[in-house]
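# Architecture and fold: a report
One letter stands for each residue in the lines below.
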Amino acid sequence: MDISVVVPLYNEEESLPELTAWIKRVMDAHNFSYEIVLVDDGSKDKSWQVIQSLKEGDENIIGIRFRRNYGKSAALNVGFAAAEGDVVITMDADLQDSPDEIPELYDRIKNQGADLVSGWKKKRYDPLTKTIPTKLFNSVTRSMSGIDNLHDFNCGLKAYKKDVVKSIEVYGEMHRYIPVLAKWAGFSNIQEQVVQHYPRKYGTTKFGPGRFVKGFLDLMSIFFVGKFAKRPMHFFGPLGVISFLLGFIITIWLICEKLMSIANGTVYRNVTDQPLFFLALVAIIIGSQMFLTGFVAELVSRNGTDRNKYHVDQVI
Ligand code: UDP
Ligand code: MG
């Protein structure tokens, strides 16, 4: 099969018939063999009934329904597991992304060697409250991940080589960082394509302003997990050593100062009367805590089932 289109959806009953018809039109015009994997993320409206009736007239449609709402990442993860096409395309259900982009995305993966092509909504039809924080988010992600050619990490429209989606695991709200996950998994040919973007036609956005707070927290965990999950002591160790040494040096200094003042017979304030003493105390305690955390994290990661899971590209 050429293409799997994976569509995560939550309460999008009005959009689905239009979306699937549009995808079908594009696929038929280019003679692609395809499937549309509609993952219903526990919708409370009639989305599932709509999917059922769409499936009746069309064997290219696959419907998967969650019992409750788990989030876009979970829906994508399940869709990725089900996808069988050589090229996997993800797309939002709300008609903000255009299926007309599919042929070019497909060509980039299939014939131009890309592992992942991410859409770039160069001209966006979203409110300013969303576009400005998004710019900030993208520039931070760009510099932290080293993927400096992407302008728009969170675009719903993306294309993947099948290997990529079978190698990565999207959970929590990590769908914003799929290019980063792909890079960690060793797929380096990550490209971008300017895509057409439309205003939301039906329904409302499913993500509130909390998306930015969660987004940045996820960014931190993703870098921690990606870099240090298999060697947590390399993260906690140096921090612990620095903090402990700092506290230790200050303590030595305080003791020397005290002894000198006694030797010289000068009246001197109590050790506990100066701020440095408390700083030293806190630094030593935090330092040893960091170290202990490092050890515990090492033990945990050693017991992780994927401690020896590596992505093998080829064996001959
Ligand atoms: N979505 C989902 N589960 C959720 C929230 C959203 O599957 O819990 C889907 C939603 O139906 C849509 C896509 O994720 O197909 C993007 O959501 P939305 O359009 O609300 O995001 P925005 O365009 O505002 O970033
Ligand atoms: Mg949308």
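Residues numbered from 1 in each chain as written. Chains lettered and ligands numbered in written order. Predicted model: local features only at pLDDT ≥ 70, side-chain atom pairs only at ≥ 80, totals over all residues. Heavy atoms only, no water.

Labelled according to an unreviewed UniProt entry, the protein chain appears under the name Glycosyltransferase family 2 protein, originating from Sphingobacterium daejeonense.

### Structural notes on the overall build of the protein chain
When you go through the protein chain residue by residue, the secondary structure sums to 10 helices and seven strands. Its C-alpha atoms give the protein chain a radius of gyration of 26 Å, more than 25% over the compact-globule value 20 Å for 316 residues. Over its C-alpha atoms, taken along the principal directions, the protein chain stretches across nearly 95 × 50 × 35 Å. Split into buried and exposed, the 316 residues of the protein chain put 45% on the buried side. Put simply, 80% of the contacts in the protein chain that link residues at least 6 apart link residues at least 24 apart. Approximately 17,000 Å² of the protein chain is accessible, and the part contributed by carbon and sulfur atoms is 61%. (Helix = DSSP H or I, 4+ residues; strand = E, 2+ residues; numbered from the N terminus. Rg over C-alpha atoms; globule rule 2.2 N^0.38 Å. Buried < 20%, exposed > 50% of the residue type's maximum accessible area, 1.4 Å probe, protein only. Contact = heavy atoms within 4.5 Å. Areas by Shrake-Rupley, 256 points an atom, 1.4 Å probe, with all protein chains shown as cover.)

### Some thoughts on the pattern of salt bridges
Counted according to the given criterion, the structure contains 14 salt bridges. For Glu12, the salt bridge goes to Arg200, with nearest N and O atoms at 3.0 Å. A residue pair is termed long-range when its members are at least 10 positions apart, and Glu12 in the loop between strand 1 (3-9) and helix 1 (16-29) and Arg200 in the loop between strand 7 (190-194) and helix 8 (210-228) qualify at 188 residues. Put simply, Arg200 and Asp94 hold a salt bridge, and the shortest N to O gap is 3.3 Å. With Arg200 in the loop between strand 7 and helix 8 and Asp94 in the loop between strand 4 (87-90) and helix 4 (102-110), the pair connects residues that are 106 residues apart, well separated along the chain. (Salt bridge = Lys/Arg side-chain N within 4 Å of Asp/Glu carboxyl O.)

### Regarding the UniProt feature "domain: Glycosyltransferase 2-like" (unreviewed entry) in the protein chain
Following the UniProt record, the feature "domain: Glycosyltransferase 2-like" (unreviewed entry) maps to residues 4-167 here. Helix and strand shares over residues 4-167 are 41% and 19% respectively, and the end C-alpha atoms of the span are 16 Å apart. (UniProt positions renumbered as here; feature names shortened; annotations may be inferred.)

### A closer look at the coordination of the magnesium ion (ligand 2)
Taken together, the protein ligands of the magnesium ion (ligand 2) are Asp94 (OD) and Gln96 (OE1), with distances of 1.9 Å. Per residue, the accessibility class of Asp94 equals that of Gln96, and both read buried. (Donors = N, O, S within 2.8 Å, 3.2 Å for Na, K, Ca; no water.)

### Thoughts on the side chain of Thr90
Inspection of the secondary structure puts Thr90 in strand 4. Among the polar contacts made by the side chain of Thr90, one reaches the main-chain carbonyl oxygen of Gly156 at a distance of 3.0 Å. In this structure, Thr90 is in contact with Val6, Leu76, Phe80, Gly156, Leu157, Lys158 and Tyr160, ignoring residues within four places of it in sequence. (Polar contact = N/O pair within 3.5 Å; in protein donor to acceptor, adjacent residues only side chain to side chain.)

### Describing the environment of Glu84
Topologically, Glu84 is positioned in the loop between helix 3 (72-82) and strand 4. For the pair formed by Glu84 and Met1, sequence separation is 83 residues and the distance between their alpha carbons is 6.8 Å. Dropping the residues within four chain positions of it, Glu84 is found in contact with Met1, Ser4, Glu35 and Lys162.

### Examining the packing of aromatic side chains
Under the counting rule described, the total for this entry stands at 15 aromatic pairs. Pairing Phe228 with Phe235 gives two aromatic rings, centres 5.2 Å apart and planes at 50 degrees, and the pair type is tilted. When its relative accessible area of 31% is taken as the criterion, Phe235 is described as partly exposed. Consider the rings of Phe277 and Phe278, whose centres lie 5.2 Å apart with planes at 80 degrees: the pair is edge-to-face. The ring centre of Tyr70 lies 4.2 Å from the NZ or CZ of Arg68, which sits over that ring. Here the guanidinium or amino end of Arg211 rests over the ring plane of Phe212, the centre of that ring lying 5.9 Å away. (Phe/Tyr/Trp six-rings, centres within 6.5 Å; stacked < 30°, edge-to-face > 60°. Lys NZ or Arg CZ within 6 Å of the ring centre and 35° of its normal.)

### A look at helix 2 (residues 47-56)
Within helix 2, burial applies to Ser47, Trp48, Val50, Ile51 and Leu54. Considered in projection along helix 2, the buried side chains sweep an arc of 155 degrees and stay on one side of the axis. In this structure, the buried residues of helix 2 make contact with strand 1, helix 1, strand 2 (34-40) and strand 3 (61-65). (Arc of directions from axis to C-beta.)

### Quick notes on the sheet that holds strand 2
As summarised here, the arrangement of the seven strands in space is 3-2-1-4-6-5-7, forming an open sheet in which the pairing is mixed. Each edge of the open sheet carries a strand with a single partner, namely strand 3 and strand 7. When the angles between neighbouring strand axes are averaged without regard to direction, this sheet yields 20 degrees. Where strand 5 (residues 116-120) meets strand 6 (residues 158-161), three bridges bridge the pair, whose relative direction is antiparallel. The residue bridging Val117 from the neighbouring strand is Ala159, located in strand 6. The strands touched by helix 3 within the sheet are strand 1, strand 2, strand 3, strand 4 and strand 6, with strand 1 carrying the most contacts at an inclination of about 155 degrees. (Pairing = 2+ DSSP bridges. Axes fitted to C-alpha atoms, helices over the stretch in contact; angles between N-to-C directions.)

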